[in-house]
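Now for the letters of each chain:
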Amino acid sequence: MTRDAMINTANGMISTSSSTANAQSPGLKTYFKTPEGRYKLHYEKTHPSGLLHYAHGKTVTQVTLAHLKDKPAPSTPTAPSSSFSASSGVRSAAARWLGSGNGSRALGFVGGNGGSKSISSTSRMGSLGASSLSNSMTNTNFDGKGTYLIFNVSDAIFISDLNSQDKDPIKSIHFSNSNPVCHAFDQEAKDGHDLLIGLNSGDVYSVSLRQQLQDVGKKLVGAQHYNKDGSVNNSRCTSIAWVPGGDGAFVVAHADGNMYVYEKNKDGAGDSSFSVIKDQTQFSVAHARYSKSNPIARWHVCQGSINSIAFSFDGSYLATVGRDGYLRVFDYSKEQLVCGGKSYYGALLCCAWSMDGKYILTGGEDDLVQVWSMEDRKVVAWGEGHNSWVSGVAFDSYWSSPNSDGTGETVMYRFGSVGQDTQLLLWDLEMDEIVVPLRRGPPGGSPTYSTGSQSSHWDNVCPLGTLQTAPSIRDVPKISPVVAHRVHTEPLSGLSFTQESVLTVCREGHIKIWMRPGVAESQSINSETVLSTSSKDKTLLSSKVGSSSYKQ
């Protein structure tokens, strides 16, 4: 029995199966080929179609991946984890593999975060339209451990269980006064609040994700409210980020070119007034006058909107991209501009760091993916392949290059980009000689080198703190994608990589999860040999996205 047939029988034609996915979006394949093998469409996530309110206009969907760890252990001794009741949201691996709950729907898949949704637990997270069969209004027994997708569509935030094949979310949170537009999750949050949500109105909330999942209502619970009614800044939130290792500090970027630093441990309503910006064209930082103020600082970055911000993984540097077409990289603790430069033309829309902090990707209205080197402080490669604006970029930190040199140094990087042309592009960047990187054309094609004289663009490292003008098209080496695949019918807005998959999302709020080569095969083989495998093996076989597998 094939995997797709199994999904069909298990789901009664629920639209995660390939046939229905194709019926929804004609002409789209359910896999794409890469040099290392096939990526297969595992399942799709979306929002319940009838529940959207466009009173505040349409907004572009963004996705945040959130991995909830174990709850801190209580001091009183409790029963061993294998004896949790079904309604606590944790199943034993054996129950999961034998298809507990919802008929046989768990077949062929690792069930949701620690198990497929069983009838008794539908209401544990206020899943849409679920009646409370066995649970009270708040299930504090539910520990929420697992990996979730948080995404915004119109006036709502939806939360989906990444490891469940259910298409619909398990939780929706509605906002009455404005649309949520950006969000961020803090994996390392010490206490309580780990999820940030920024609104079109400029308002910002911080909440506990686990607390939202335990509540069955459709409103935020236990939220801290910042910039209430735009008291500090009434322009749209465009991007939001926790400061890595920042002990609860976070940064909110706005459409008017300003960025604010908040501390979650302070009262959200603390009075903050900042000095007038003397010169709109210059970067400047102002600190709040009072120790109780929140936000604690305002960074005036540029004229026009800041479109996206991203911290390097160690938190040392902060990258911003904006309407003015400039990437700017700041030393975060010193509050200083380090370097940056202009797109070939038009606005920049997205940016991302490599894990080692050596490279930054940007994408925007010039249809190019730019690769910036922190060492050289300039553009070192242009990726050509999109036919429209580039709306999302990300490095694949889980991909290991086939020719790694064994020294632990990364010699090749894999990254991805998505665009309004509905395409996902994957790129390989060789680091040996980046001035003339290999142009990876179609398989079997001979490598070509960038042409054109090596001009002054390559002569020296740019001085610290200067922004570069756009380089000439001749001066920057071009690279071609390894893979170009049309993945959705609508323009795309983002992508992210997990240990097992690539996630793509379109601006209308449809998410596709593409399993890496080898992962899908091993899962379908596992499900067929499920009865002959020992429970110890089953735990090892189960989903490992961000180590979310439930260990017995």
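In case you missed it, the structure is sitting above this.
Residues numbered from 1 in each chain as written. Predicted model: local features only at pLDDT ≥ 70, side-chain atom pairs only at ≥ 80, totals over all residues. Heavy atoms only, no water.

1. Details of the overall build of the chain
Within the chain one finds six helices and 32 strands. When contacts within the chain are restricted to residue pairs at least 6 apart in sequence, those whose partners lie at least 24 apart make up 60%. By element, 52% of the accessible surface of the chain is carried by carbon and sulfur atoms, the whole surface being about 22,200 Å². (Helix = DSSP H or I, 4+ residues; strand = E, 2+ residues; numbered from the N terminus. Contact = heavy atoms within 4.5 Å. Areas by Shrake-Rupley, 256 points an atom, 1.4 Å probe, with all protein chains shown as cover.)

2. Some details on the side chain of aspartate 421
The topology assignment puts aspartate 421 in the loop between strand S25 (412-419) and strand S26 (423-430). The buried charged residue aspartate 421 lacks any salt bridge, with arginine 486 as its nearest oppositely charged partner at 8.6 Å. Within the structure, aspartate 421 has its side chain in polar contact with the side chain of histidine 386 (distance 3.1 Å). Among the polar contacts listed, one links the side chain of aspartate 421 to the backbone nitrogen of asparagine 387, at a separation of 2.9 Å. When near neighbours in sequence (up to four residues on either side) are disregarded, aspartate 421 contacts His386, Asn387 and Ser388. (Buried < 20%, exposed > 50% of the residue type's maximum accessible area, 1.4 Å probe, protein only. Lys, Arg positive; Asp, Glu negative; His and termini not counted. Salt bridge = Lys/Arg side-chain N within 4 Å of Asp/Glu carboxyl O. Polar contact = N/O pair within 3.5 Å; in protein donor to acceptor, adjacent residues only side chain to side chain.)

3. Side note on the pattern of salt bridges
Inspection of the entire model under this criterion finds eight salt bridges. Between lysine 171 and aspartate 215 there is a salt bridge, and its shortest N-O distance comes to 3.9 Å. Here lysine 171, found in strand S6 (residues 171-174), pairs with aspartate 215, found in the loop between helix H4 (209-214) and strand S10 (224-226); they are 44 residues apart in sequence, far enough to count as distant. Of the two residues, lysine 171 and aspartate 215, neither departs from the other in class, the shared state being buried. Through salt bridges with shared partners, a single ionic network connects Glu36, Arg414 and Asp428.

4. Considerations on the sheet that holds strand S7 (residues 180-185)
Taken in spatial order, the four strands make up an open sheet running S7-S8-S9-S10, and their pairing is antiparallel. The sheet is open, and its two borders are formed by S7 and S10, each paired with just one other strand. Taking the axes of each pair of neighbouring strands and ignoring which way they run, one obtains an average angle of 20° across the sheet. Examined bridge by bridge, strand S8 (residues 195-199) and strand S9 (residues 204-207) share four bridges and lie antiparallel to one another. Residue pairing across strands places leucine 196 opposite serine 206, the latter belonging to S9. (Pairing = 2+ DSSP bridges. Axes fitted to C-alpha atoms, helices over the stretch in contact; angles between N-to-C directions.)

5. Focus on the packing of aromatic side chains
Enumeration over the complete set of coordinates arrives at 21 aromatic pairs. Plain terms: the ring middles of phenylalanine 395 and tyrosine 413 are 5.9 Å apart, the flat faces sit at 70° to each other, and that makes the pair edge-to-face. Taken as a pair, phenylalanine 395 in strand S24 (residues 390-395) and tyrosine 413 in strand S25 lie far apart in primary sequence, 18 residues in all. Judged by relative accessible area, phenylalanine 395 falls into the buried class, the value being 11%. An aromatic cluster is defined as three or more aromatic residues linked by ring pairs; in this entry it consists of Phe283, Trp299, Phe311, Phe330 and Tyr332. The aromatic ring of tyrosine 31 is capped on one face by arginine 38, whose charged end is 3.8 Å from the ring centroid. (Phe/Tyr/Trp six-rings, centres within 6.5 Å; stacked < 30°, edge-to-face > 60°. Lys NZ or Arg CZ within 6 Å of the ring centre and 35° of its normal.)

6. Points about unusual backbone geometry
Comment: phi is negative for the bulk of residues other than glycine, and the bulk of peptide bonds are trans. That bond from asparagine 294 to proline 295 is cis: its omega, 10°, falls within 30 degrees of zero. Tracing the backbone through its elements, the reader meets proline 295 in the loop between strand S14 (284-287) and strand S15 (297-300). Of note, aspartate 229 is a non-glycine position whose phi angle comes to about 55°, a positive value. Relative to the helices and strands, aspartate 229 is located in the loop between S10 and strand S11 (237-242).

7. Here's the deal with a nonpolar patch on the surface
A contiguous nonpolar surface patch, about 280 Å² in accessible area, is contributed by Tyr344, Tyr345 and Ile473. Positionally, isoleucine 473 belongs in the loop between strand S27 (466-468) and strand S28 (478-479). We classify isoleucine 473 as partly exposed; its relative accessible area is 36%. (Patch = residues over 30% accessible without salt bridge, like charges linked within 9 Å, V, L, I, M, F, W, Y side chains within 5 Å.)

8. Re the nonpolar core
Counting 18 residues, the largest nonpolar core has Val251, Met259, Trp299, Ile309 and Tyr332 as its most contacted members. Going through the elements one at a time, strand S12 (249-254), strand S13 (258-263), S15 and strand S16 (306-311) are the ones with two or more residues in this core. Contact partners of methionine 259, with chain neighbours within four places excluded, come to Val251, Val252, Ala253, Ala297, Arg298, Trp299, Val301, Ile306, Ile309, Leu318 and Thr320. (Core = buried A, V, L, I, M, F, W, Y, C linked by side-chain atoms within 4.5 Å.)

9. Overview of the side chain of threonine 498
Among the secondary structure elements, threonine 498 is positioned in the loop between strand S30 (492-497) and strand S31 (501-506). Side-chain polar atoms of threonine 498 contact the side chain of serine 501, separated by 2.8 Å.

10. Here we look at the environment of valine 153
For valine 153, the location among the structural elements is in strand S4 (residues 146-153). Classification of valine 153 as buried rests on a relative accessible area of 3%.

11. Considering the pairing of S7
Counting buried residues in S7 gives six out of six residues, a clear majority hidden from the surface. Bridge analysis of S7 against S8 gives five bridges, and the strand direction is antiparallel. When the sheet's bridge partners are listed, histidine 183 is paired in S8 with isoleucine 197.

12. Observations concerning the sheet that holds S13
Pairing is antiparallel in the open sheet, where five strands are placed in the order S11-S12-S13-S15-S14. The open sheet is flanked by S11 and S14, the only strands paired with a single partner. Going from strand to strand, the sheet's axes swing by 20° on average, the running direction of each strand aside. Judged from the four bridges that link them, S13 and S15 form a sheet pairing that is antiparallel. Note on S15: the bridge partner recorded for methionine 259 is tryptophan 299.

13. Remarks on the pairing of strand S29 (residues 483-486)
Here S29 shows one buried face, formed by Val483 and His485, and one open face, formed by Ala484 and Arg486. Examined bridge by bridge, S26 and S29 share four bridges and lie antiparallel to one another. In the sheet register, leucine 425 faces S29, and the bridge partner there is alanine 484.

14. As for the environment of alanine 249
Within the element layout of this structure, alanine 249 appears in strand S12. Taking relative accessible area as the criterion, alanine 249 reaches 10% and is therefore assigned buried. Placed 15 residues apart in sequence, alanine 249 and lysine 264 show a C-alpha to C-alpha distance of 6.1 Å. The contact partners of alanine 249, leaving out residues within four places of it in the chain, are Trp242, Val243, Tyr262 and Glu263.

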